[in-house]
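Per-entry structural report
If you want the building blocks of each chain, they are given just below.
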Amino acid sequence: MSPEAVSSTLELNEEGFLAHPEGWTPDVATVLAREQEGIETLGDKHWAAINYIRAYYLEKGMAPMIRALCQNTGLRLREIYDLFPSGPAKGACKVAGLPKPDGCV
Amino acid sequence: MSTGIPLTPAPAPPAPDAYRRRLASLEPETVARARAAFAALLTRDHAVHLDACVHCGLCTTSCHYALVDEDPRNSPAYKVHLVAEAFRQESSAWARMFPGWTGARPVDAELIGEWVDVLFGRCSMCGRCTANCVVGIDVPALVRAARGALAAAGLVPPELQSTVDAAVNTGNNMSITHDDWIGTIEWLEDELRAEVGDDTARLPLDECDADFLYVLNPREPKFYPLSIVAAGAIFHRAGVRWTLARDYFDVTNYGLFSGSPEAAATIARRLVDTTRRLRAKQLVLGECGHGFAANRWLAPEWLGEEPGFEVRSVVDVVADLIRDGRIELDPSRIPNLVTLHDPCNLVRNGGVIAPQREILARAVTQWVEMAPHGYQNYCCGGGGGQLSMTRFARRRLEAGRIKADQIRATGARIVAAPCHNCVDQLSEIGKEYALGIEVKTMCELVADALVRRP
Amino acid sequence: MTTLEAVTLAAVAWSVGALAWAARSAWRRPSPRAAAAPAGTALSGIVYAFGAGMSPRAKESASHHPLVYVAGLVYHAGVLSGGAALVAHLAGAALPASIALGLGAAMTLGATAGLVLLARRRSNPLLQAISAPDDYASNAIVDAWLASGALAMFTWSVTPFLVLTIVLALYAPLGKIRHCVFFFLARGLFGTRLGRRGVVAHLHGSRS
């Protein structure tokens, strides 16, 4: 499906997270990044973060610690916040198709 | 969403999930449990406030929910009304005899549905209504009692309940494992050393007899660890003896928001016991509004005992360190205009009002108050567990418009907020209302202003 | 003492007793055993709650709603005047004409303000949603009582005043008029919390 077609079929909850996390695809990430996070183009570093978060979520059912994200992708801590202006939880995890984490986020 | 266009929005009302389906067909035993719990939860204060309310409705214009949406259900008076109806039924034989005349109503499936929508979905328990009430009715306490009745019946919105359950079952509200916590602190110690340029800088774990045990919000190790580095840098420069705990590090207590005194006591007990175990002189609470109200003011009530040590906000501690000359700040490092958000549970309901202002006066070049501020501040909209309840997120963001308007009127580029929960909501409304602001905790600002050593 | 006066006294005694019993019942409910170390004194908060905190500038319920606030003040001033007139009558004290006229005027204004507040309750959607018949009845009984008191002051015809005093006194403990006692308890608890939590010390200049 083209991003435009993906865009018209996505169902989001009240906070812009995917209503059905299992329906995530890389095209979905592109659309969420653009329309929810204002990230026009996802670069290699974005994808490194997204792919790690997605893989971790599929295995463990939750978002990874930011330490694991940094250590497994080689990204520097401060870089994450530049890549995803809404931060790791409401930016990176949202684009990676995770449900909203519990707690103060 | 402000940017958003072609995405299909969630249908309104949202598709019935398991929770909604459960509310729509409550078993009589569940209703009976909520009713019994409500009667048992009512204290002297609740009873006095409920009989003092004259139903004048003048609180309406003091509530951020009611200010953005005139639906009567948003008024604090309506919230009190829903609790008062059940209270009359419970407390007065006369009212039970003439329910239609007196406005008495049993806790039943219909009232429970309204409690969920109104008391969970339209209130951040900020207490601004109380401050402006003719009488001083403690609306947040009344809302908490009704929420507690629902908690006893297992009827708390699941996103909020899961946050409470995570804390009760794993020791912190984000289910961070012991290895992840320790690993993160060790990793951050390297960040700290790079930050302060000193290889002896430490993030101490489980050191006994320290000046204080420092507890923080799990979102820091999980997603926003720079605030831990910031606190570590401040404590290192000041040369204080402090420690983190290896086991219980979570300052939050969502039992305050689910209303369950049992969950609240279980969570509060751990910090008291950990402080005693480590023989720390003080328990210092990281920047968290409700964590302050819970651990400083309410924990002794839940636990039935006084802690026997001082419980303070880190904001208060850092203000002392600055006043005593133990850290040196260079305000020119933060040239942009700063404004200050007052977290309800730290300020209006907590009494910590001056220290954050002392800090700003020394740490930044220029700062302005919002109008109104201090005791009369508006809630950011994220309190009362709202941030965790996705099903009510639209209302939360709309109610946040009041705070957004306040921030915009200051012209500030940086919003200082001594509460991680507020930081998250303020960041969201910054995006929603295109405020172009950066939101920082007090410790982050102070760390930014620390005089660099060659 | 006439029979009517005796019945009036009995009704007032019921009212006082029942209100005291209601207050005692509320006060005897469970209350937390332990409290946190205070950051200020309860007394400082209570002084604020009944002092500066009563100023219309201290709360938006007054500053945002000046007309309702004034109506409320006038209404309650009328009630106090009615109480004074009743006490004077039952004590057998003959009021000087000027004082009687003053009390009568205050009660007339009070009844008028009460009717304004009643009309507001009838017309405001929120107040309609949160009002029971008791809310309207409580207001109407007090309004009628004030009118009868004014009549007594202007014409020396006290029978309606005493009859309505009996109605008011019998009804007061059963509905929202209870707030005549609970207001003071609630305001005291409010002040206690503000004082103990150290909020009161910062209450000046919290607006800008």
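Structure: see above.
Being a predicted model, the structure only gives us computed values, none of them experimental.

1. Considering the overall build of chain C
Within chain C, the secondary structure is distributed over 9 helices and 0 strands. Along its sequence from the N terminus, chain C presents helices and strands in the succession α-α-α-α-α-α-α-α-α. Each principal axis of the C-alpha distribution contributes one length, and for chain C these read about 55 × 40 × 40 Å. For chain C, the proportion of its 208 residues judged to be buried stands at 41%.

2. As for the interface of chain B and chain C
Each side of the interface is counted separately: chain B has 52 residues, and chain C has 50 residues. At the level of secondary structure, the elements contributing two or more residues to the side of chain B that touches chain C comprise helix 3 (44–52), helix 5 (76–91), helix 7 (99–102) and helix 17 (289–303) of chain B. Of the residues contributing to the side of chain B that touches chain C, the split by class is 23 nonpolar, 19 polar and 10 charged.

3. Observations regarding the interface of chain A and chain B
Across the boundary between the two partners, chain A contributes 28 residues, which contact 40 residues of chain B. Elements with a contribution of two residues or more to the side of chain A that touches chain B: helix 1 (3–9), helix 2 (26–37), helix 4 (66–73) and helix 6 (87–95) of chain A. No other element matches the 3 residues that helix 6 of chain A contributes to the side of chain A that touches chain B. Counted by class, the side of chain A that touches chain B contains 12 nonpolar, 9 polar and 7 charged residues.

4. Some points on the sheet that holds strand 4 (residues 310–313) of chain B
Residues and elements named next belong to chain B. The 4 strands lie next to each other as 2-1-3-4, forming an open sheet whose pairing is parallel. The sheet terminates laterally at strand 2 (242–243) and strand 4, the two strands that pair on one side only. Sheet analysis places strand 1 (residues 212–215) next to strand 2, joined by 2 bridges and oriented parallel. Following the sheet pairing, Leu 213 is matched in strand 2 by Thr 243.

5. Thoughts on the nonpolar core
Grouped together as the largest cluster of nonpolar side chains are 215 residues, with contacts concentrated most on Ala149(B), Leu150(B), Val318(B) and Val446(B). Ranked by residue count, the leading element in this core is helix 10 (residues 139–152) of chain B, at 9 residues. The residues contacting Val446(B), other than those within four sequence positions of it, are Ile234(B), Val318(B), Leu329(B), Ile359(B) and Ala363(B). Counting 27 residues, the second-largest nonpolar core is a separate cluster that includes Met153(C), Leu162(C), Ile166(C) and Ala169(C).

6. Digging into the pairing of strand 4 of chain B
Residues and elements named next belong to chain B. Here strand 4 shows one buried face, formed by Val 311 and Ser 313, and one open face, formed by Glu 310 and Arg 312. Bridge count between strand 3 (residues 282–285) and strand 4: 4 bridges; the pairing is parallel. For Leu 283, the partnering residue across the bridge sits in strand 4 and is Val 311.

7. Notes on helix 2 (residues 28–41) of chain B
Residues and elements named next belong to chain B. Spanning 14 residues, helix 2 covers 20 Å between terminal C-alpha atoms, matching the ideal 20 Å at 1.5 Å per step. Within helix 2, burial applies to Ala 34, Arg 35, Ala 37, Phe 38 and Leu 41. Seen along its axis, helix 2 keeps its buried residues to an arc of 165°; they face one direction. Away from its buried face, by an angle of more than 90 degrees, helix 2 presents the exposed residues Pro 28 and Glu 29.

8. Focus: unusual backbone geometry
Residues and elements named next belong to chain B. Of note, the bond from Ala 371 into Pro 372 is cis; its omega dihedral lies within 30 degrees of zero at -10°. Note on placement: Pro 372 falls in the loop between strand 6 (367–368) and helix 20 (393–399). Here the phi dihedral of Met 125 falls at roughly 55°; this positive angle occurs in a residue that is not glycine. Turning to its location among the elements, Met 125 is positioned in the loop between helix 8 (109–120) and helix 9 (128–132). Located in the positive-phi region is Asp 209, a residue other than glycine, with phi close to 60°. Positionally, Asp 209 belongs in the loop between helix 12 (178–196) and strand 1. You can call Asp 209 exposed: it has 10 C-beta atoms within 10 Å.

9. A closer look at the sheet that holds strand 6 of chain B
To summarise the sheet geometry, strands pair through backbone hydrogen bonds and adopt either a parallel or an antiparallel arrangement. Residue and element names in this part refer to chain B. Taken together, 4 strands build an open sheet; the order of strands is 6-5-7-8 and the sheet is parallel. Since the sheet does not close on itself, it has two edges, and those belong to strand 6 and strand 8 (438–440), each with one partner. Of the strand pairs in this sheet, strand 5 (residues 338–340) and strand 6 are connected by 2 bridges, and their pairing is parallel. Counterpart to Thr 339 in the pairing with strand 6 is Val 368.

10. Here we look at the environment of Asp45(B)
Positionally, Asp45(B) belongs in helix 3. Every residue in contact with Asp45(B), bar those within four places of it in the chain, is listed here: Asp138(B), Ala141(B) and Leu189(C).

11. A short note on the environment of Phe87(B)
Residue and element names in this part refer to chain B. Relative to the elements of secondary structure, Phe 87 occurs in helix 5. Spatially, the C-alpha atom of Phe 87 lies 46 Å from that of Gly 411, the residues being 324 residues apart in sequence. Other than its neighbours up to four places away in sequence, Phe 87 contacts Leu 42 and Leu 50.

What counts as what
- Residues numbered from 1 in each chain as written.
- Chains lettered and ligands numbered in written order.
- Predicted model: local features only at pLDDT ≥ 70, side-chain atom pairs only at ≥ 80, totals over all residues.
- Helix = DSSP H or I, 4+ residues; strand = E, 2+ residues; numbered from the N terminus.
- Buried ≥ 20, exposed ≤ 12 C-beta atoms within 10 Å, placed from the backbone.
- Contact = placed C-beta atoms within 7 Å.
- Nonpolar A, V, L, I, M, F, W, Y, C, P; charged D, E, K, R; others polar.
- Pairing = 2+ DSSP bridges.
- Core = buried A, V, L, I, M, F, W, Y, C linked by C-beta atoms within 7 Å.
- Expected span 1.5 Å × (residues − 1).
- Arc of directions from axis to C-beta.

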